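Chain by chain, the residues:
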Amino acid sequence: MKKLMTGNEAFAYGAYLGGVQVGAAYPGTPSSEILDNFSRYPGIFAEWSPNEKVSLDVAIGAAYAGTRAMSSMKHVGLNVASDSLFYAVYTGVKGGLVIICADDPEMHSSQNEQDNRNYAKFAKCPMLEPSDSEEAKQFVGMALDMSEEFETPVLVRSVTRLSHSSTPVEVSDAGPPPPSEETPFYERDAQRYVMVPANARRRHPLVEERLEKLADYAETIPINYIEPGDDNLGIISAGVNYHYAKEVFPNATFLKLGMVYPLPEKLIRAFADRVKTVVIVEELDPFLEEQLRLMGIQVKGKDIFPMLGEFSPTLVRDCAVKAGLIPAPEAPPEIKVDLERPIRPPMLCPGCGHRALFHVLRENGVLVTGDIGCYTLGSAPPLSAMHTTGCMGASIGVAHGIDKAGVKDDVVAVLGDSTFLHSGIHPLIDVLYNQGNTTTIISDNSATAMTGFQEHPGTGKTVQGQPTTVVDPEKLVRGIGFEKVDICDPYEIDQMEKILQDHLKSGKPSVIISRHPCVLHAKEKHTPPEVDPELCINCGICLDVGCSPLIQEDEHVRIDSLLCNGCGLCVKVCPQEAIIEQ
Amino acid sequence: MTNLDFLMAGVGGQGTILASNILAEVGLQLGYDVKKAEVHGMAQRGGQVDSHVRWGEKVFSPLVEVNKVDYIIGFEMLEAARFPQFLKEGSTALVNDYRINPPLVNLGKAGYPSKENIESLLLSRAEKVFWVEGTGIAKELGNPAMVGVVMLGALSNLVGGDKEAWLEVIGQMVPQKFVELNKEAFSEGRKVTG
Ligand SMILES: Cc1ncc(C[n+]2csc(CCOP(=O)(O)OP(=O)(O)O)c2C)c(N)n1
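Asks: Outline the overall build of chain B, supporting the account with residue identities and numerical values.
Replies: Regarding its fold elements, chain B presents 8 helices and 6 strands. Moving toward the C terminus, one meets the helices and strands of chain B in the order β-α-β-β-β-α-β-α-α-β-α-α-α-α. Over its C-alpha trace chain B gives a radius of gyration of 16 Å, about what one expects of a compact globule, namely 16 Å for 194 residues. Projected onto the principal axes, the alpha-carbon positions of chain B cover approximately 50 × 40 × 35 Å. Going through the 194 residues of chain B one by one, you find that 61% of them count as buried. For chain B, restricting intrachain contacts to residue pairs at least 6 apart in sequence, the fraction spanning at least 24 positions comes to 65%. Seen as two clouds, the 19 positive and the 23 negative side-chain charges of chain B have centres 4 Å apart.

If you want it as structure tokens, here you go:
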């Protein structure tokens, strides 16, 4: 039977069918639903780890013990986990270990556009790249087998367009193979598992040998194959790009690569000999292209296609026409648009506690070093109250550095609760240890809101719905040694302002926990207030909090009661007291 | 078997994704190869949410191409107006007669295009524009979130396929306690194009 599945659902299904027993991940678009879906299968263990490195270490541990394991993450998650990837390639694994990482060409929801195929080469780890959900399911199984056969972790690469597209998948009632009767066993083999220099030196040649064997294997693996067609044009492609290329060059001869590292050199040479022109269709970096050029093969690639952004059939066709590979298709006349179409950027939700906090921060003119989460939207106008955002956990170190450089502004670091637990603890230790006086604000909405409300160590529940110990940020920062710690609901704006000023003036390192539950998650709603048209002078001050239900009309401001959440922030900021709680 | 490409355009929270899931599933039930892509920004409320759905004998790309879309289904007027270049000549637009102001409009810093202008922009490619009181009908039935099913009802007359096949998929995909209400919403939608 065929069922429509997203790429992420199919990855999870493939992991389940492949007998994965331990799955660990930290959420991140577009990868989050892999673990979400996997966690619902019976007979497996799944966890949200506090960050990607921890998740990979957990999976490595399970694989050392001979159990099949998976770790999944977004592309930048592998930056966090990369140290573990490198040692795991050296030690190798016993049970199959698959690492699924999802790139985000076009940066639909990311801070950069890195091409994680480079990690395969960098870490000397094989990588498979499925092109649709059926392959996503199958390739996870193949990756697990390959991992055990070659005793190496195997990377499986996804991209947004695969993870979040739905395509048919063959499903059956058959589940995974029955788990082995044997108790998992960790073999104490220090030469293999203890990467001190002497042992690591012995392992490195094995890694190189293994790569050579994998390259031989890539010559015969059925997911690397030639699709015969018109040999005047030979297209090499992998992943979703293959499907765009099939739309644009339906008659060409194709080399479809399911394994993108290491490459099958003989197969590629045979292909190049057979076709007149070789064209590589690959998003982001010229990863395949550079390797083919090193083989001395003439190719067209980045001279035709861009290095930036996401591909689409439209883009591939346009580039191919420009390069003279195909004739221009018949097209209707271009449309002239002379209509104003204002953009619709994502915004903080009505009732979001982050907004109240940023209102206070802006009113107090502080320099805010930021971090990644819903609260990053506090950087957008009209709030415009966050001034740096780099990667998760960067806010505190950057604030401390700005302080140490001697900048006179009041600086505060702002990060969310999940981000704090991901990578905010070490920089806080740094502030204390190195005699900083940075004020850090944890904007705690008790959810990983940005990526879809996943549980985290502060929520008291595991991904599989078990109640568990709550890691309390207040106790944690006091435990590290912070003495100046306050908790405040940001909707108490006067109180928040008082605490903020007190912390800034104290000259001490400090933490403010700004706590208000995520409205979307808690589904909290109150009666919307109304504007008294007699009192409203249309000054626009309420509009500066950037809340979508507030609409400026000719005479006064109006509140869209369908969109309004009734949080009352506008009531508090209106200097005319013209917005009346109902 | 003719290939059909659909583009759904709406605003976060309007239910575009559920509607496109239903549309994809109906295609599969009707025997097509089907692919669907969600093209949306950060997982946030209030931003643009677009879905591409493709039915065909054999579908490669999950993304539709410019100049090739058969049906655009706009859940919000301005959102429908963002994609005329995707439409092929002789295509059809179904647009929910409903406006959600983008923030710049609320702040008085940008204008919202008129319904007439949106219609004529779409008609530069489309043969016909159907205005559907989608949100209105759904609200009247008691739940504005059913706008997607109203829109699908209107679409179903045009693309064919047994009414029962659509209803069966809807029955499987909406929350159990709202099945009957959604079926009603679907029938009301059908009246618009019927
Ligand atoms: C290394 C890394 N992992 C994951 C992500 C994806 N991501 C961005 S924000 C975020 C969570 C934010 O949660 P929280 O800090 O609680 O803020 P909220 O969105 O709830 O306001 C995640 C997982 C990322 N950008 N970088």
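So, next bit.
Asks: Tell me about helix 19 (residues 493-506) of chain A, residues and numbers included.
Replies: Residues and elements named next belong to chain A. For helix 19, with 14 residues, the first-to-last C-alpha span of 20 Å sits near the 20 Å given by 1.5 Å per residue. Within the span of helix 19, buried status applies to I493, M496, I499, L500, H503 and L504. Buried residues of helix 19 fall within an arc of 130° about the axis and therefore sit on the same side. Turned more than 90 degrees off the buried face of helix 19, the exposed positions are D494, K498 and K505. Residues of helix 19 that are buried sit in contact with helix 14 (353-363), strand 15 (411-416), strand 16 (439-444), strand 17 (484-488), strand 18 (510-515) and helix 21 (569-573).

Asks: Describe in detail the state of the cysteines, supporting the description with residues and values.
Replies: Between two cysteines, a covalent bond joining their sulfur atoms is known as a disulfide. Residues and elements named next belong to chain A. Taken as a whole and judged by the stated rule, the model has 0 disulfides over all chains. Of all cysteine sulfurs, the one in C352 lies closest to C349, which takes part in no disulfide; the gap is 6.2 Å. Relative accessible area serves as the criterion here: at 12%, C349 is assigned to the buried category. Free of any disulfide, C564 has its nearest neighbouring cysteine sulfur in C570, separated by 6.2 Å. Owing to a relative accessible area of 7%, C564 belongs among the buried residues under this scheme.

Asks: Talk me through the interface of chain B and chain A; I want residue IDs and the actual numbers.
Replies: Listed as interface residues are 57 residues of chain B and, on the opposing side, 48 residues of chain A. Counting across the interface, chain B meets chain A through 4 salt bridges. Across the pair R54 of chain B and E247 of chain A runs a salt bridge whose closest N-O atoms are separated by 2.8 Å. In this structure, the connection of chain B to chain A is made through 17 residue pairs in polar contact (both at pLDDT 80 or more). For the side of chain B that touches chain A, the secondary structure elements donating two or more residues are helix 1 (16-29), strand 2 (33-40), strand 3 (48-56), helix 2 (77-80), helix 3 (103-106) and helix 4 (115-123) of chain B. In terms of residues, the side of chain B that touches chain A owes the most to one element, strand 2 of chain B, which gives 8 residues. Its residues assigned to classes, the side of chain B that touches chain A shows 28 nonpolar, 14 polar and 15 charged. In this sheet, strand 2 of chain B lies alongside strand 8 (residues 165-170) of chain A in antiparallel orientation, the contact comprising 2 bridges.

Asks: Describe the site of the ligand, listing the residues and the values that go with them.
Replies: All names here are of chain A. For the ligand, the set of nearby residues contains 25 residues, the closest of which are E52, H354, D417, T419 and A449. Taking D417, its side chain carries an N or O atom lying 2.9 Å from an oxygen atom of the ligand. A449 is positioned such that a nitrogen or oxygen atom in its backbone is 2.9 Å from an oxygen atom of the ligand. Contact with the protein chains covers 97% of the free accessible surface of the ligand, which is 590 Å². Elements with a contribution of two residues or more to the shell around the ligand: helix 4 (75-91) and helix 16 (417-423). Top contributing element to the shell around the ligand by residue count: helix 16, with 4 residues. The residue inventory of the shell around the ligand, partitioned by class, reads 11 nonpolar, 11 polar and 3 charged. Inspection of the shell around the ligand shows a minimum of three residues originating in each of domain 1 (2-220) and domain 3 (353-522).

Asks: Account for helix 17 (residues 425-433) of chain A, naming residues and giving values.
Replies: All names here are of chain A. Three or more residues of helix 17 are buried, namely P427, L428 and V431. Taken down its axis, helix 17 places every buried residue within 105° of arc, on the same side. Facing away from the buried side of helix 17 by over 90 degrees, the exposed positions are H426 and Y433. At the exit of helix 17 stands Q435, carrying a positive phi of roughly 55°.

Asks: So what's going on with the sheet that holds strand 5 (residues 97-103) of chain A? Residues and values would help.
Replies: Residue and element names in this part refer to chain A. As summarised here, the arrangement of the 7 strands in space is 3-2-4-5-7-6-12, forming an open sheet in which the pairing is mixed. Of all strands in the sheet, those with a lone pairing partner are strand 3 (45-48) and strand 12 (259-261), marking the two edges. One ladder, built from 4 bridges, connects strand 2 (residues 22-25) with strand 3; its direction is parallel. The partner of V22 across the bridge, within strand 3, is F45. Where helix 6 (residues 133-150) meets the sheet, its contacts fall on strand 4 (69-74), strand 5, strand 6 (127-128), strand 7 (154-159) and strand 12, and the angle it forms with strand 5 comes to roughly 135°.

Asks: Just give me the short version of the domain arrangement of chain A, but keep the residues and values in it.
Replies: A common measure of how large an interface is: the accessible area buried when the components associate. All names here are of chain A. You can read the domains of chain A as domain 1 (2-220), domain 2 (225-322), domain 3 (353-522) and domain 4 (530-580). Taking only C-alpha atoms into account, the centre of domain 1 sits 26 Å from that of domain 2. Residue-level contacts link 30 residues of domain 1 with 27 residues of domain 2. In total, domain 1 and domain 2 occlude about 2400 Å² of area from one another, counting both sides; carbon and sulfur atoms represent 57% of this.

Asks: Tell me about the confidence of the model for chain B, and please be specific about residues and values.
Replies: Here chain B averages 94 in pLDDT, and 97% of its residues register 70 or above. For this predicted complex, the interface confidence score (ipTM) comes to 0.96, while the overall pTM stands at 0.97.

Asks: Run through the pattern of salt bridges, naming residues and quoting values.
Replies: Residue and element names in this part refer to chain B. Considering all chains together, one arrives at 34 salt bridges over all chains under this definition. In this structure, D70 and K88 form a salt bridge, with 2.7 Å as the shortest nitrogen-oxygen distance. With D70 in strand 4 (residues 69-74) and K88 in strand 5 (residues 87-96), this residue pair connects regions lying 18 residues apart in the sequence.

Asks: Describe the sheet that holds strand 1 (residues 2-6) of chain A, naming the residues involved and giving the relevant values.
Replies: Strands sit in the order 1(A)-8(A)-2(B)-3(B)-1(B)-4(B)-5(B)-6(B) across an open sheet of 8 strands; the sheet is mixed. Lying at the two open borders of the sheet, with one neighbouring strand each, are strand 1 of chain A together with strand 6 (126-132) of chain B. Here the average twist between neighbouring strands, direction ignored, is 20°. Looking at chain direction, strand 5 of chain B and strand 6 of chain B are connected through 6 bridges and run parallel. When the bridges of strand 6 of chain B are listed, V95 of chain B appears paired with W131 of chain B. Seen against the sheet, helix 6 of chain A touches strand 1 and strand 8 of chain A and runs at an angle of roughly 60° to strand 8 of chain A. Set on the sheet, helix 4 of chain B makes contact with strand 4, strand 5 and strand 6 of chain B; between it and strand 6 of chain B the angle comes to about 145°.

Asks: Hey, could you go over the nonpolar core for me, with residue numbers and the actual values?
Replies: Residues and elements named next belong to chain A. If you look at the biggest cluster of nonpolar residues, it comprises 107 residues, and the most contacted ones within it are F38, L85 and F249. It is helix 6 that provides the largest number of residues to this core, a total of 7 residues. Counting only domains with at least three residues in this core, you end up with domain 1 (2-220) and domain 2 (225-322). Leaving out residues up to four positions away in the same chain, F38 has contacts with A12, A15, Y16, V20, V22, G23, I44, F45, A46 and M70.

Asks: How would you explain the environment of Q291 of chain A if you had to name every residue and give the values?
Replies: Residues and elements named next belong to chain A. Counting through the fold element by element, Q291 comes out in helix 12 (residues 287-294). The sequence separation of Q291 and E265 amounts to 26 residues, and the corresponding C-alpha distance is 9.4 Å. If near-sequence neighbours (up to four positions away) are discounted, Q291 is found in contact with Y261 and L263. Among the polar contacts listed, one links the side chain of Q291 to the backbone oxygen of F287, at a separation of 3.2 Å.

What counts and what doesn't
- Residues numbered from 1 in each chain as written.
- Chains lettered and ligands numbered in written order.
- Predicted model: local features only at pLDDT ≥ 70, side-chain atom pairs only at ≥ 80, totals over all residues.
- Heavy atoms only, no water.
- Helix = DSSP H or I, 4+ residues; strand = E, 2+ residues; numbered from the N terminus.
- Rg over C-alpha atoms; globule rule 2.2 N^0.38 Å.
- Buried < 20%, exposed > 50% of the residue type's maximum accessible area, 1.4 Å probe, protein only.
- Contact = heavy atoms within 4.5 Å.
- Lys, Arg positive; Asp, Glu negative; His and termini not counted.
- Charge placed at Lys NZ, Arg CZ, Asp CG, Glu CD.
- Expected span 1.5 Å × (residues − 1).
- Arc of directions from axis to C-beta.
- Disulfide = S-S within 2.5 Å.
- Salt bridge = Lys/Arg side-chain N within 4 Å of Asp/Glu carboxyl O.
- Polar contact = N/O pair within 3.5 Å; in protein donor to acceptor, adjacent residues only side chain to side chain.
- Nonpolar A, V, L, I, M, F, W, Y, C, P; charged D, E, K, R; others polar.
- Pairing = 2+ DSSP bridges.
- Near = heavy atom within 4 Å.
- Areas by Shrake-Rupley, 256 points an atom, 1.4 Å probe, with all protein chains shown as cover.
- Domains from an automatic or database assignment.
- Axes fitted to C-alpha atoms, helices over the stretch in contact; angles between N-to-C directions.
- Buried area = accessible area lost by both parts, 1.4 Å probe.
- pLDDT = per-residue confidence, 0-100.
- Core = buried A, V, L, I, M, F, W, Y, C linked by side-chain atoms within 4.5 Å.

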